[in-house]
Amino acid sequence: MKKFVLITFISLFIFSACKYGADNIFYPQNSVHNREKNITYLSNTGVEGLSSSYSFAVMTDVHYWALEFQKAPAMPDSEFLSWLDALPSSEKPGFCLVLGDVVDYGAAEQYPAYVSFINNIESRNVKVFNVVGNHDLYNSGWDNWRINCYPHTSFYNFKTSGFSFYGLDTGSGGPGYEQLTSLQTAFSVDSKPKIVFSHYPFFSDSLVFSMCDSTERNLALDMFQKNNVRLYLCGHIHKYELYDFGTLRHLALPSFHYDGIWALVTVDESSGTYSVKFYNKNGLVDPNGK
């Protein structure tokens, strides 16, 4: 009997973590099919007037309130703000992407601390864009995330003068075919080089924590390669991983909370290129921990 229970538990864990995310097992109302099916086009975001060379910050897996229930390091929010303040004006980010899991279990009481952090970032003239993560959806947390996290939708596009940015909803473990269809329509009339950002990786060495619906994954990667997507940014696995597929780079970032690491991406729109550097409270860091 004990062996049967153990096998059942392990099977449920692998199924929930791999194909969908645990929220689909325990909170089925949070299915991606019940969220955003059509892309929202953002305008007047404040990034349209950036020069042809600019930077943006990226963080993921912020996990506010994780300290309440498990051993975790102190939140590096003050260190991030100090880093922002110390950057020379030529390197200051024009905006910031947060790739999900902003809170630990989706409850409304967890959001004031995160909102305060974001307000401090934006008070430094750095606009923050969010995508939803699986932890944000726990305890039927979708409405709490949508109320508190700009742009209050999980599937959207914004543009600078030379690049196009797409926030994709993979909070339930995959984008779903409705999003992929809408994304293909958007790509078909958008010739700009693109950066796509979301929560789940398409590939990972951490088998049960990547997107394992191979049909969705392959459709998306094929679409990305055919439509000038240069970079896919994600989190979820709490570690650095890098894959190259031709001109497409798939980059998973370490956790902001657990690893104390964030990234600065510098874009040169005149050449259509970008570079990525990683930082912690002490400055530049090797994301591999070497």
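For the structure itself, look to the data block above.
Small disclaimer: the values here were computed from a predicted structure and weren't measured.

Looking at this structure, how should I read the side chain of Ser-172?
Checked against the element boundaries, Ser-172 lands in the loop between β6 (164–167) and α7 (176–188). Judged by its relative accessible area of 3%, Ser-172 falls in the buried class. Within polar-contact distance, the side chain of Ser-172 engages the backbone nitrogen of Val-32 at 3.5 Å. One polar contact links Ser-172 to Arg-35, side chain to side chain, over a distance of 3.0 Å.

Honestly, the nonpolar core in this entry has me stumped. Any pointers?
One recurring pattern in soluble globular proteins: nonpolar side chains tend to sit buried together. Ranked by internal contacts, the top residues of the largest apolar core, which has 30 residues, are Met-59, Phe-80, Tyr-114, Phe-117 and Ile-121. Within the residue set of this core, elements represented by two or more residues are β2 (53–59), α3 (77–86), β3 (95–98), α4 (111–122), α6 (142–148) and β11 (262–268). Element by element, the count of residues in this core is highest for α4, at 5 residues. Apart from the residues lying within four places of it in its own chain, the contact partners of Phe-80 are Ala-57, Met-59, Phe-117, Ile-121, Phe-256 and Trp-262.

Whenever I open this one, the pattern of salt bridges confuses me. Can you help?
A side chain with one charge can pair with a side chain of the opposite charge if their charged atoms come near. The full count for this structure, using the stated rule, is 7 salt bridges. Across the pair Arg-124 and Asp-85 runs a salt bridge, and its minimum N-O distance is 2.7 Å. Of this pair, Arg-124 sits in the loop between α4 and β4 (127–130) while Asp-85 sits in helix α3, and the two are 39 residues apart along the sequence. Exposure remark for Arg-124: the relative accessible area of 29% places this residue in the partly exposed category. Salt-bridge contacts for Glu-241 lead to Lys-239; the nearest nitrogen and oxygen are separated by 3.2 Å. Exposure remark for Glu-241: the relative accessible area of 6% places this residue in the buried category.

Calculation criteria
- Residues numbered from 1 in each chain as written.
- Predicted model: local features only at pLDDT ≥ 70, side-chain atom pairs only at ≥ 80, totals over all residues.
- Heavy atoms only, no water.
- Helix = DSSP H or I, 4+ residues; strand = E, 2+ residues; numbered from the N terminus.
- Buried < 20%, exposed > 50% of the residue type's maximum accessible area, 1.4 Å probe, protein only.
- Polar contact = N/O pair within 3.5 Å; in protein donor to acceptor, adjacent residues only side chain to side chain.
- Core = buried A, V, L, I, M, F, W, Y, C linked by side-chain atoms within 4.5 Å.
- Contact = heavy atoms within 4.5 Å.
- Salt bridge = Lys/Arg side-chain N within 4 Å of Asp/Glu carboxyl O.

Read these as geometric descriptors, not functional statements.
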